[in-house]
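An overview of the molecular structure
Chain residues, written in single-letter form:
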Amino acid sequence: GLGLQIAQALGLAGARLLISARKADGVEEAVRELRAQGIEASGLSVDVGDPDSVQAFGRGALAELGHVDILVNNAGATWAAPAEDHPLQAWQKLVNVNMTGVFVLCQLIGRESMIPRRYGRILNVASIAGLRGNPPGTNTTIAYNATKAGLINFTRALAGEWGVHGITVNALAPGFFPTRM
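Attention here is on the structure that accompanies the text. (Residues numbered from 1 in each chain as written. Predicted model: local features only at pLDDT ≥ 70, side-chain atom pairs only at ≥ 80, totals over all residues. Heavy atoms only, no water.)

Details of the overall build of the protein
The helix and strand inventory of the protein stands at five helices and five strands. Its helices and strands in sequence order give the protein the pattern α-β-α-β-α-β-α-β-α-β, from N to C terminus. Along the longest, intermediate and shortest principal axes, the C-alpha atoms of the protein span 45 × 40 × 30 Å. In the protein, which comprises 181 residues, the proportion classed as buried is 37%. In the protein, once contacts between residues fewer than 6 apart in sequence are set aside, the share between residues at least 24 apart is 70%. Across the protein, 15 positive and 14 negative side-chain charges occur, with their mean positions spaced 5 Å apart. (Helix = DSSP H or I, 4+ residues; strand = E, 2+ residues; numbered from the N terminus. Buried < 20%, exposed > 50% of the residue type's maximum accessible area, 1.4 Å probe, protein only. Contact = heavy atoms within 4.5 Å. Lys, Arg positive; Asp, Glu negative; His and termini not counted. Charge placed at Lys NZ, Arg CZ, Asp CG, Glu CD.)

Listed below in structure tokens is the structure:
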């Protein structure tokens, strides 16, 4: 999906990559594909919805790379259900994956690598759904829309705070395109 395309672009530009996915076999497959293109890549699995897993991933990334120049937060989840029927458990899952995991990883990488080095680039993959509601009769994705809107404003707030440290923070808000999700 989009994450692999971003990784390819960064790798072809000369970046050394550490990528992630929830499932180890997905990480291994993506690393093989990147290496086949001559890109230096490794990977770790992470459950972005679990703050402890995110912390372990961030520490593993720093141990392997030494520092992080560019952080791309691309993980995301969605759930479709009318607002009146949307399960609370699904709401909480989307908050954890689409927002909390991003916060935890940004905080760790910012504090341990980017702020001390006074340099960093963070790209948060949001969605056009975070910029507007859904037209009547279309998607019923209230938690997805809300969390992606939250991610957009998180990005604005973090950019304001960390710009003084030489760190840029931006959000990408793609529209619909075909992926497994």
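Now that the structure is up, let's keep going.
As for a nonpolar patch on the surface
Taken together, the side chains of Leu88, Trp91 and Ile142 make up a nonpolar region of the molecular surface, amounting to roughly 290 Å² of accessible area. Relative to the helices and strands, Trp91 resides in helix H4 (residues 88-117). (Patch = residues over 30% accessible without salt bridge, like charges linked within 9 Å, V, L, I, M, F, W, Y side chains within 5 Å. Areas by Shrake-Rupley, 256 points an atom, 1.4 Å probe, with all protein chains shown as cover. Salt bridge = Lys/Arg side-chain N within 4 Å of Asp/Glu carboxyl O.)

Side note on unusual backbone geometry
The general pattern is negative phi for most residues beyond glycine and trans for most peptide bonds. For Arg118, which is not glycine, the phi dihedral falls at a positive 55°. Note that Arg118 resides in the loop between H4 and strand E4 (120-125). On the basis of relative accessible area, Arg118 is assigned to the partly exposed category, the value being 49%.

Some points on the environment of Ala83
Looking at the element boundaries, Ala83 is found in the loop between strand E3 (70-73) and H4. Looking at Ala83, the relative accessible area reads 47%, which means it is partly exposed. Sequence separation of Ala83 and Ile142 is 59 residues, and the distance between their C-alpha atoms is 6.2 Å.

Focus: helix H1 (residues 2-12)
Along H1, the residues that are buried comprise Leu2, Ile6, Ala7, Gln8 and Gly11. For H1, the elements touching its buried residues are strand E1 (17-21), helix H2 (24-36), E3, E4 and strand E5 (167-172). Downstream of H1 by a residue or two, Gly14 has a phi angle that is positive, lying close to 105°.

Brief notes about the side chain of Thr155
With respect to the helices and strands, the residue Thr155 is situated in helix H5 (residues 142-162). On the basis of relative accessibility, which here comes to 4%, the residue Thr155 falls in the buried class. Once you skip the residues sitting within four places of it in the chain, Thr155 turns out to touch Asn124, Val169, Asn170 and Ala171.

Some details on the packing of aromatic side chains
If you walk through the whole model with that rule in mind, you get one aromatic pair. Relative to Phe154, the ring of Phe103 lies with its centre 6.5 Å away and its plane at 85°, an arrangement referred to as edge-to-face. Here Phe103, found in helix H4, pairs with Phe154, found in helix H5; they are 51 residues apart in sequence, far enough to count as distant. The class of Phe103 is partly exposed, set by a relative accessible area of 40%. (Phe/Tyr/Trp six-rings, centres within 6.5 Å; stacked < 30°, edge-to-face > 60°.)

Topic: the side chain of Ser53
Mapped onto the fold, Ser53 is located in helix H3 (residues 51-65). Not counting residues within four places of it along the chain, the set of residues in contact with Ser53 comprises Val46 and Asp47.

Considering a negative patch on the surface
There is a patch of like negative charges on the surface, built from Asp25, Glu28, Glu29 and Glu33. Its location among the elements puts Glu33 in helix H2.

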